Amino acid sequence: MPDVLVAVRNVSRAYSDGSVTALDNLSLTLERGDYLALTGPSGSGKSTLLHLICGLDQPSRGEIQFEGRHPGSAHEWSRLRSRRIGLIFQSFNLLPTLTALENVEVPMFGVLPRSPDRARHATALLDRVGLAQRLHHRPGQLSGGERQRLAIARALANSPDLLLADEPTGNLDSKNSRDILALLEELHHERGVTLVIVTHDPEIAGRTRRILRLLDGRIQSDTRQEA
Amino acid sequence: MHFITIAAQNLHRRPLRSSLTALGVAMAVGCVLAMTGISRSLDHGWVNTFMARGTHLLAVRKDSAEMFTGAIREDVGDQLAAVEGVRSVSGELMELESMADDTTMLAGGWKTGGRLWTSLQLNEGRIPAEGERGVALVGEAAVDSLKTGLGRTVKIQDKPFAVIGIFKQSGSMGNSMLLLPLADLQDVMGMQGRVAIFNLQVDNPGDSARVADIRARLKTRFPELAFWETKDISEKSEVLRLLRAISWGVSTMAAIIGCLVLLNTLLMSVAERTREIGVLSALGWSPRRILGLIVLEGFLLSAAGGLLGIALGFAGLRGMSFNPNLVGFLDTSIPLPVMLQTLGLALGLGALASLYPAWRALRLNVVEALRYE
């Protein structure tokens, strides 16, 4: 019996009073430990699906379940994103006024109450992603690859079960892209975290165990492959 | 890292804007404090001055706009003194006099040989002898501004008065007065045989029921007069009430301006950080935590502005006290409770001004905020 982490049930998402349909009656499940690539052309609904899975957006119809439960309120979704879901963005979305260490500490507010505990845990995470020498650098003082490593460390701050990465290598050169992907895969194996990567890149998609291809807001194909 | 660090870093990002906003709040707080100080100074100045003289009740003309503008026949004092329970009655005239160097001075006229003169604490010199004319005593706070001293003269309406004593009296008003024999001030003011008020002392002033009884009998016997207890002077005086109302009006406007400055800055700050606020929400920060961050920023700005404002208010009061027209009238000390109240007001307004920007931040669509450039 598969251990379902996220279930998307008959979800539609329409914009502009229903004239634009981003997702159309879509259903899928994400199993614990999945390594999945979400692909498809621009406008196919990849990012919309990602936003729905983590509660940043709400479906027009249908529902999303996390571990069999539908989070009914924005507060519940906030709590899930804080403790169970890590987000990685293409454009890093780091807080420019804070140091690398402080950026990683940000999601820990409300989870780890003591400041020294937050600092200790953030230091360990930054060490894990190879930024031990950059603890007190601000994002503006880091390279693109380092910024994405920092964003990954931040996403791991509260040991999430689900890591959602929206084009995590989209702003990086090929070497940094490979390094970041390798890091994500290591973390996936190490921590058993469910990893969903939105990507246009067939090479990245080819490395995952499951490829979900969207077209016009529907699932065009759902392929499982050997890692 | 503590929560406050994030708020402080956000403010530090725009140091000039944050400093100017804090300065705006400081100006508002300083204005509130200075106006409160002036109002309080005048209120307390009068009350303390009359208390230092041992005055328990003041008799003033009922229909006069201000206690010193009325005119009462001097011989009414004897009738007042005849009322059972009244221990002593001293008539007094007062007028604001423009001195030769444009300094404004409060001049008081007391009957020579009367009780009021004995309430003075003399630094040097003496009080006038009974029936003596053409002499003056100067409060120690007025000596420098009048550029006078013992043995010299002061001129009122070109008439010279020999300074025969320098005195000290509790209360900023009393301490900066010029005192003349009543007959001299009556001549200067053209109010021969008239006084403006009577200072009354009563038996058992600590017995409030007894004082109320004496007051009631006085009111019945002298319906044309009003009788104020010394502690109520600031409530009864039309001028002090007017000054207090002006002070509150200016203070309120200053507080509103400070609030708007803060509101504008926080709104700009929230608008600039749309994407970052979206990121915080995406990272799982609850609406309450995001609201707390914005309110904390407002709180920090208003705290900085409040502290600076207290310094500005104090400096403003000090500066005003050197104005020739205000010399001696202002007490520049600001009691700690007044400072804390003003700081509390600044913090309250800061929190209030940050609620709307915080509410705007909470209404952001997170997905759109993350796309915001």
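Residues numbered from 1 in each chain as written. Chains lettered and ligands numbered in written order. Predicted model: local features only at pLDDT ≥ 70, side-chain atom pairs only at ≥ 80, totals over all residues. Heavy atoms only, no water.

**Some remarks on the side chain of Ser354(B)**
Our working definition: Each helix is a run of DSSP H or I of at least 4 residues and each strand a run of E of at least 2, with the numbering of both proceeding from the N terminus. Whether two residues are in contact is decided by their heavy atoms, any of which lying within 4.5 Å being enough.
Of note, Ser354(B) is situated in helix α13 (residues 336–362). If sequence neighbours within four positions are ignored, Ser354(B) has contacts with Leu266(B), Ile294(B), Val295(B) and Gly298(B).

**Section: the pattern of salt bridges**
Residues and elements named next belong to chain A. As a reminder of what qualifies: Salt bridges, as used here, are contacts in which a Lys or Arg side-chain nitrogen is within 4 Å of a carboxyl oxygen on Asp or Glu.
Counted under the stated rule, the structure contains 38 salt bridges over all chains. A salt bridge links glutamate 67 to arginine 84; its shortest N-O distance comes to 2.6 Å. Separated by 17 residues along the polypeptide, glutamate 67 in the loop between β4 (61–66) and α2 (74–83) and arginine 84 in the loop between α2 and β5 (85–88) bring together distant segments of the chain. Here arginine 134 ties to glutamate 146 by a salt bridge, and the two come within 3.0 Å at their closest N and O atoms. Of this pair, arginine 134 sits in the loop between α4 (115–128) and α5 (144–155) while glutamate 146 sits in helix α5, placing them twelve residues apart in sequence. By sharing partners, the salt bridges in this structure join Asp3, Arg32, Glu67, Arg84 and Asp161 into a single network.

**A look at the nonpolar core**
Nonpolar side chains tend toward joint burial in soluble globular proteins. What counts, and what does not: Nonpolar core, defined: a set of buried Ala, Val, Leu, Ile, Met, Phe, Trp, Tyr and Cys residues in which side-chain atoms within 4.5 Å join the residues together. Only protein chains enter the accessibility calculation, which uses a 1.4 Å probe; a residue is then buried when its area is under 20% of its type maximum, exposed when over 50%, and partly exposed in between. Domain delimitation in this document rests on an assignment produced automatically or drawn from a domain database.
Of all hydrophobic cores here, the largest spans 74 residues; its most connected members are Trp46(B), Phe50(B), Met67(B), Leu80(B), Leu178(B), Leu200(B) and Leu218(B). It is helix α2 (residues 15–52) of chain B that provides the largest number of residues to this core, a total of seven residues. Built from parts of two domains, this core gets at least three residues from each of domain 1 (3–45 + 240–371) and domain 2 (64–223) of chain B. When residues no more than four places from it in sequence are discounted, the contact partners of Leu178(B) are Met99(B), Met105(B), Leu106(B), Ala107(B), Gly108(B), Ala136(B), Leu137(B), Val138(B), Leu146(B), Val154(B) and Ile156(B). Listed in part, the 53 residues of the second largest apolar core include Val11(A), Val196(A), Ala7(B) and Ile277(B).

**What to know about α13(B)**
Residues and elements named next belong to chain B. The condition is simple: A helix is expected to span 1.5 Å for every residue after the first. Bend at a given residue is defined as the angle between two axes, one fitted to the seven residues that end at that position and one fitted to the seven that begin there.
The terminal C-alpha atoms of α13, which comprises 27 residues, lie 38 Å apart, in line with the 39 Å expected from a rise of 1.5 Å per residue. For α13, the principal kink sits at leucine 355 and spans about 30 degrees; a proline, proline 357, occurs within the next four residues. Along α13, the positions that sit buried rather than exposed are Val338, Thr342, Leu343, Ala346, Leu347, Gly350, Ala353, Ser354, Pro357, Ala358 and Ala361. Residues of α13 that are buried make contact with α2, α10 (238–272), α11 (274–282) and α12 (287–321).

**Concerning the confidence of the model for chain B**
To be explicit about the condition: The predictor attaches a confidence to each residue, and that confidence, scored 0 to 100, is pLDDT.
Residues at a pLDDT of 70 or more form 97% of chain B, whose mean pLDDT is 86. Per-residue pLDDT, averaged within each element of chain B, yields its smallest value for helix α6 (residues 172–175) of chain B (71) and its largest for strand β10 (residues 194–195) of chain B (94).

**Regarding the domain arrangement of chain B**
The assigned domain composition of chain B is domain 1 (3–45 + 240–371) and domain 2 (64–223). For domain 1 of chain B and domain 2 of chain B, the distance between their C-alpha centres works out to 45 Å.

**Examining the sheet that holds strand β2 (residues 20–31) of chain A**
Whenever strands of a sheet pair, they do so through backbone hydrogen bonds, lying parallel or antiparallel. Residue and element names in this part refer to chain A. Here is the rule we go by: Note on pairing: two strands pair once DSSP finds at least 2 bridges between them. Axis definition: a line fitted to C-alpha atoms, limited for helices to the stretch in contact. Angles are taken between N-to-C directions and run from 0 to 180 degrees.
On the basis of which strands lie adjacent, the open sheet formed by three strands has the order β2-β1-β4 and antiparallel pairing. Looking along the sheet, the strands with just one partner apiece sit at the ends: β2 and β4. Each adjacent strand pair in this sheet contributes to an overall mean axis angle of 15 degrees, direction not counted. In the sheet, strand β1 (residues 4–15) pairs with β2 via eight bridges, with the strands oriented antiparallel. Paired with valine 8 across the bridge in β2 is leucine 28.

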